[in-house]
There are 2 protein chains.
Amino acid sequence: MILKSQVEWALHCCAILAGLPEGRYLSTKALAEFHGLPKEYLSKALQSLSQAGLVHTTLGPSGGYRLARTPAELTFLDIVEAVEGKARTFVCNNIRENNPCRPQGYCESSPCAVSRFMWEADEAWRAKLRSVRLSDLTEALAQEIPAELWKSSFEWVLERAG
Amino acid sequence: MILKSQVEWALHCCAILAGLPEGRYLSTKALAEFHGLPKEYLSKALQSLSQAGLVHTTLGPSGGYRLARTPAELTFLDIVEAVEGKARTFVCNNIRENNPCRPQGYCESSPCAVSRFMWEADEAWRAKLRSVRLSDLTEALAQEIPAELWKSSFEWVLERAG
DNA sequence: GCTGTGTTACTCGGATATGATTTGTCCGAGTAACGTTGG
DNA sequence: CCAACGTTACTCGGACAAATCATATCCGAGTAACACAGC
């Protein structure tokens, strides 16, 4: 059970978009080039973000993406769920129904204990993701990236932002 | 990102094994029949448990599996990791290395901020799983399963336990 | 009665097949900025 | 000078291909209990 690499891509792209000045857009091409990713496939991840309403998009030249909310209003969970879906990581197939001792027509009342425990763990994971905001990520990145690289990257992006 | 159904199977099977009297074994065949699962494939899940040291196995007739520890000493995390592996659910492909502004020979110090946050969430999930013991599951099951079904199931298992 | 042998029922592990999902590519439709043309 | 038109660069979405993983199935090797034969 491993998250799609699109999740990683979407997070990194959002971090870049978070640094974009108000009202400007960055194209898939620029994002793909910056991260060394296949443009066409990355566009799938960005489309997921767009469908989830996390980013705005404009068509035509100088079009592209920008965040739909401020980095403080966007959580990791928003981004992960946009790409990976909101479905729980554990699905219960109700195999208890196959119990040969089970009387005919016996109807299960509620989800079985196994799935309840697994869903609690899933919720703990989501709660942690919900607690991390995109602004927390940009702050952490600003600390760990050398100031010079940070600055040149920002300029690289600005040159391509429409 | 969805856990394998083998995880669900392993948890249910451990719940059954937890009710087994000391020193007795239950075969894959019986476990598969009880849960309505393909015997051959279920055996892969049980093999995983065996390799992780969570269950003991005996060969020959009246052979099968039994828990290697008491249900109070077995956690959900033990079982999930035995089947699903201990690898983190988020893998960092270090796409920051592709940054075109990055100077030649620049060496990343530590894992990037994105993966650190994702790994924290992963750890929250594991911590939750670690906090649930197999004995907690059997207690919950005992409460939600009608006493009659519980008893007949136990007898069904005992008839087949070697 | 006791020992040795064969049979049986099981686990274990490898090889293989199938289907789903992930990853990646390609192309056409629609759109907005911009330049160009015609009045 | 201004409006209409065409070009261009982008997004969006669908169709499709390849690779990887999950889900099975099959079979042979090894093992332990048991039955049975021979002493």
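Residues numbered from 1 in each chain as written. Chains lettered and ligands numbered in written order. Predicted model: local features only at pLDDT ≥ 70, side-chain atom pairs only at ≥ 80, totals over all residues. Heavy atoms only, no water.

Structural notes on the relation of the copies chain A and chain B
Reasoning step 1: With an RMSD of 0.1 Å, the fit of chain A onto chain B corresponds to turning through 180° and sliding 0.0 Å along the axis. Taken together, these values place the two copies in the relation of a two-fold axis. Distance from the rotation axis, computed per C-alpha, reaches its smallest value in chain A at A:Trp125: 2.4 Å. (Least-squares fit on C-alpha atoms with pLDDT ≥ 70 in both.)

Topic: the packing of aromatic side chains
Reasoning step 1: This model, assessed by the stated rule, comprises 6 aromatic pairs over all chains.
Reasoning step 2: Between A:Trp9 and A:Tyr41 the ring centres are 5.4 Å apart and the planes differ by 85°, which places this aromatic pair in the edge-to-face class. You can see A:Trp9 sitting in helix H1 (residues 5-18) and its partner A:Tyr41 sitting in helix H3 (residues 39-51), a full 32 residues away along the chain.
Reasoning step 3: Look at A:Trp9 and you get buried, because its relative accessible area is 8%.
Reasoning step 4: Relative to B:Trp156, the ring of B:Phe34 has its centre 5.3 Å away and its plane inclined at 55°; by these criteria the two rings are tilted. Of this pair, B:Phe34 sits in helix H2 (residues 28-35) while B:Trp156 sits in helix H7 (residues 147-160), placing them 122 residues apart in sequence. With respect to burial, B:Phe34 and B:Trp156 carry one shared label: buried.
Reasoning step 5: For A:Arg88, the ring lying beneath its charged end belongs to A:Trp119, and the centroid distance is 3.8 Å. (Phe/Tyr/Trp six-rings, centres within 6.5 Å; stacked < 30°, edge-to-face > 60°. Helix = DSSP H or I, 4+ residues; strand = E, 2+ residues; numbered from the N terminus. Buried < 20%, exposed > 50% of the residue type's maximum accessible area, 1.4 Å probe, protein only. Lys NZ or Arg CZ within 6 Å of the ring centre and 35° of its normal.)

Quick word on the protein's contact with DNA strand D
Reasoning step 1: The environment of DNA strand D is formed by 24 residues, the closest being A:Thr28, A:Thr57, A:Tyr65, B:Tyr41 and B:Leu59.
Reasoning step 2: A share of 59% is what sugar and phosphate atoms reach among the atoms of DNA strand D within 4 Å of the protein.
Reasoning step 3: Interatomic distance of 3.1 Å between a side-chain N/O atom of A:Lys44 and a base oxygen of DNA strand D.
Reasoning step 4: With respect to DNA strand D, the side chain of A:Thr57 contributes an N or O atom lying 2.7 Å from a sugar or linking oxygen.
Reasoning step 5: Those elements that place two or more of their residues in the surface near DNA strand D are H3, strand S1 (55-58) and strand S2 (64-67) of chain A together with helix H1 (5-18) and helix H3 (39-51) of chain B.
Reasoning step 6: Partitioning the surface near DNA strand D into residue classes produces 8 nonpolar, 12 polar and 4 charged. (Near = heavy atom within 4 Å. Polar contact = N/O pair within 3.5 Å; in protein donor to acceptor, adjacent residues only side chain to side chain. Nonpolar A, V, L, I, M, F, W, Y, C, P; charged D, E, K, R; others polar.)

Section: the interface of chain A and chain B
Reasoning step 1: Taken residue by residue, the interface counts 58 residues in chain A and 58 residues in chain B.
Reasoning step 2: Across the chain A to chain B interface the summed buried area is about 5,000 Å²; carbon plus sulfur atoms make up 71%.
Reasoning step 3: Applying the counting rule to chain A against chain B returns 6 salt bridges.
Reasoning step 4: The partner of B:Glu144 in a salt bridge is A:Arg116, with the nearest N and O atoms 2.9 Å apart.
Reasoning step 5: Where chain A meets chain B, there are 12 residue pairs in polar contact (both at pLDDT 80 or more).
Reasoning step 6: For the side of chain A that touches chain B, the elements supplying multiple residues, two or more each, are H1, helix H2 (28-35), helix H4 (76-84), helix H5 (113-131), helix H6 (134-144) and helix H7 (147-160) of chain A.
Reasoning step 7: The greatest single-element share of the side of chain A that touches chain B, amounting to 12 residues, is contributed by H5(A).
Reasoning step 8: Here the side of chain A that touches chain B is built from residues that sort into 35 nonpolar, 11 polar and 12 charged. (Contact = heavy atoms within 4.5 Å. Buried area = accessible area lost by both parts, 1.4 Å probe. Salt bridge = Lys/Arg side-chain N within 4 Å of Asp/Glu carboxyl O.)

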